[in-house]
Every structure is written in structure tokens, then in C-alpha cells.
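# Tertiary structure, described
Below are the chains, spelled out letter by letter.
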Amino acid sequence: MAMNPDHVSRIQSEWARERPDLDVSPQGLIGRLHRLAGHLTEELVAVYAHHGLGEGEFDVLATLRRAGAPYERAPGELAEHTMVTTGAMTKRIDRLASAGLVERRAAVGDGRRRIVALTPPGLRTIDAAFTDHMANEHRLVAALSPADRAALEPILTRWLEHYE
């Protein structure tokens, strides 16, 4: 089955013509993954925006929601779970607190320790946003057959393990 040349294959052909001394085959994977990540990110952030959230705010709310009741974590834990600096986390928390979606308070049993917790509006927001997010992800992967999805996930997992 011949595939129509895409943007990446056209670039590879040009490089193969101009630099036949180099193996440009990795561009097929890296280029397509890079382009796909851009398209997927656009599709994902559109759902977050529908709920008044940016990608970072969605990530914080989702991390708090995944913690389970009472939906709270220390700011350092949030930064660790979302892989951003504590400075970036502070800005995200500030925005979410201003919107009434999270609150900062003293930890139960240790008044010196601060935690960030979902407020009731924050819980409603992340539950609605996550429901829409999962429907969107199902839509996005529907272009792949169940067999392709089952084959691709362990491949990507092994490749990612190399970096993480």
C-alpha cells in the first residue's frame, strides 16, 4: 500500500537529495511525532479553554483532583507532580485562587505547613473539564484502530522510559 507523501516525507526527500551521505530516516519518526504533538496540543487546549482554563491550570486542578478527597496537596508536591518550577506553580496557583477554584490554607494538624485545595467550584470545574477532556482524547485516538493503539502504547512507553 503506497502512502501519499506528507510534509515530513517531502522534507526527507529533499535532504536525501541534498545530503545523500546522511541517513535521514529518524526524521520520519521525530518529525511526525513533533507535528502530531502540535496538532494534539491545539485540540487539547481548546477543551481547557472552553472551561476557562489554560493548560497549566487544567494540570494543577487535575493533580489536585487525582489526590482524592479532600483534594489537596502542598505546593511543592504540585510542582513535582506537574513537572514545573515552584515559581511557575506559584503563578498558576495565584491565577486559580483569584478565580476561586483553589484556596491556600494551613494543613490540618500542622499550621506551619501550607496546602492548596480545590474549592467546590474548582471541583465542579475540573470534573466537567476532565469529562470533556476524556471525550476529546477518545475522539483524537479514534483515528487509530484498537490494534494500532494497543501496539503503539507499549512502544511509546519504552521510548519515553529512555528519557524519564
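Each chain carries its own residue numbering, running from 1 in the written order of its sequence. For a predicted model such as this one, the threshold for reporting local features is a pLDDT of at least 70, and the threshold for listing and counting side-chain atom pairs is 80 or more; totals across whole chains, interfaces and linings nevertheless cover every residue. Water and hydrogen atoms were dropped before computing side-chain values, which therefore reflect all heavy atoms in the structure.

### A word on the side chain of Gln 12
Secondary structure counts use DSSP, requiring at least four H or I residues in a row for a helix and at least two E residues in a row for a strand, with both numbered from the N terminus. By secondary structure assignment, the location of Gln 12 is in helix 1 (residues 7-18). Contacts between residues were defined by any pair of non-hydrogen atoms, one from each residue, lying within 4.5 Å. Beyond its immediate chain neighbours, meaning those up to four positions away, Gln 12 contacts Val 24, Ser 25, Gln 27, Gly 28 and Arg 32.

### Points about the pattern of salt bridges
Take a side-chain nitrogen of Lys or Arg and a carboxyl oxygen of Asp or Glu: if they are within 4 Å of each other, that pair is a salt bridge. Enumeration according to the criterion identifies 10 salt bridges in this entry. Between Arg 19 and Asp 21 there is a salt bridge whose closest N-O contact spans 2.7 Å. Each residue is placed in one exposure class: buried if its accessible area under a 1.4 Å probe, protein chains only, is under 20% of its type's maximum, exposed if it is over 50%, and partly exposed if it falls in between. A relative accessible area of 34% means that Arg 19 is categorised as partly exposed.

### A few points about the sheet that holds strand 3 (residues 110-118)
Strands pair, by our definition, only if DSSP identifies at least two bridges between them. Taken together, the 3 strands give an open sheet; going across it, the order is 1-3-2, and neighbouring strands pair in antiparallel fashion. Unpaired on one side and paired on the other, strand 1 (72-73) and strand 2 (102-107) mark the two borders of the sheet. Relative to strand 3, strand 2 runs antiparallel, the two sharing 6 bridges. Looking across to strand 3, one finds that Val 102 is bridged to Leu 118. Only C-alpha atoms enter the line fits that serve as axes; for helices the fit covers just the stretch in contact. Angles between N-to-C directions range over 0 to 180 degrees. Contacts from helix 3 (residues 55-66) reach strand 1, strand 2 and strand 3, with the element oriented near 110° to strand 3.

### Quick notes on the packing of helix 4 (residues 75-82) against helix 5 (residues 86-98)
Taken N-terminus to C-terminus, the directions of helix 4 and helix 5 make an angle of 110°; their axes are 9 Å apart at the nearest point. The angle between the axes of helix 4 and helix 5 places the two elements in the roughly perpendicular class. Contacts between helix 4 and helix 5 involve Pro 75, Leu 78, Ala 79 and Thr 82 from the first element and Thr 86, Met 89, Arg 92 and Ile 93 from the second. Gly is placed with the polar residues, together with every amino acid not listed as nonpolar (Ala, Val, Leu, Ile, Met, Phe, Trp, Tyr, Cys and Pro) or charged (Asp, Glu, Lys and Arg). Taken together, the residues of the contact of helix 4 with helix 5 sort by class into 5 nonpolar, 2 polar and 1 charged. Any angle that is under 35 degrees is reported as roughly parallel, and any over 145 degrees as roughly antiparallel; angles of 65 to 115 degrees are reported as roughly perpendicular and all others as oblique.

### A closer look at the packing of aromatic side chains
What describes a pair of aromatic rings is the distance from one ring centre to the other and the angle between the planes of the rings. Between the rings of Phe, Tyr and Trp (Trp by its six-membered ring), a pair exists once the centres lie within 6.5 Å; its type follows the angle of the planes, with under 30 degrees stacked, over 60 edge-to-face, and the other angles tilted. Throughout the structure, instances matching the rule amount to 1 aromatic pair. Geometrically, the ring pair formed by Tyr 48 and Phe 58 is stacked, given 4.2 Å between the ring centres and 20° between the ring planes. Separated by 10 residues along the polypeptide, Tyr 48 in helix 2 (residues 26-50) and Phe 58 in helix 3 bring together distant segments of the chain.

### Here we look at the nonpolar core
Among the nonpolar cores identified, the biggest contains 20 residues, and Leu 53, Leu 61 and Val 102 are the most heavily contacted of them. Counting only elements with at least two residues in this core, the list comes to helix 2, helix 3, helix 4, helix 5, strand 3 and helix 6 (120-141). With 5 residues, helix 3 is the single largest residue contributor to this core. Apart from the residues within four sequence positions on either side, Leu 61 is in contact with Leu 53, Leu 96, Leu 101, Val 102, Leu 118, Thr 125 and Ile 126. In these notes, a set of buried Ala, Val, Leu, Ile, Met, Phe, Trp, Tyr and Cys residues joined through side-chain atoms within 4.5 Å is what counts as a nonpolar core.

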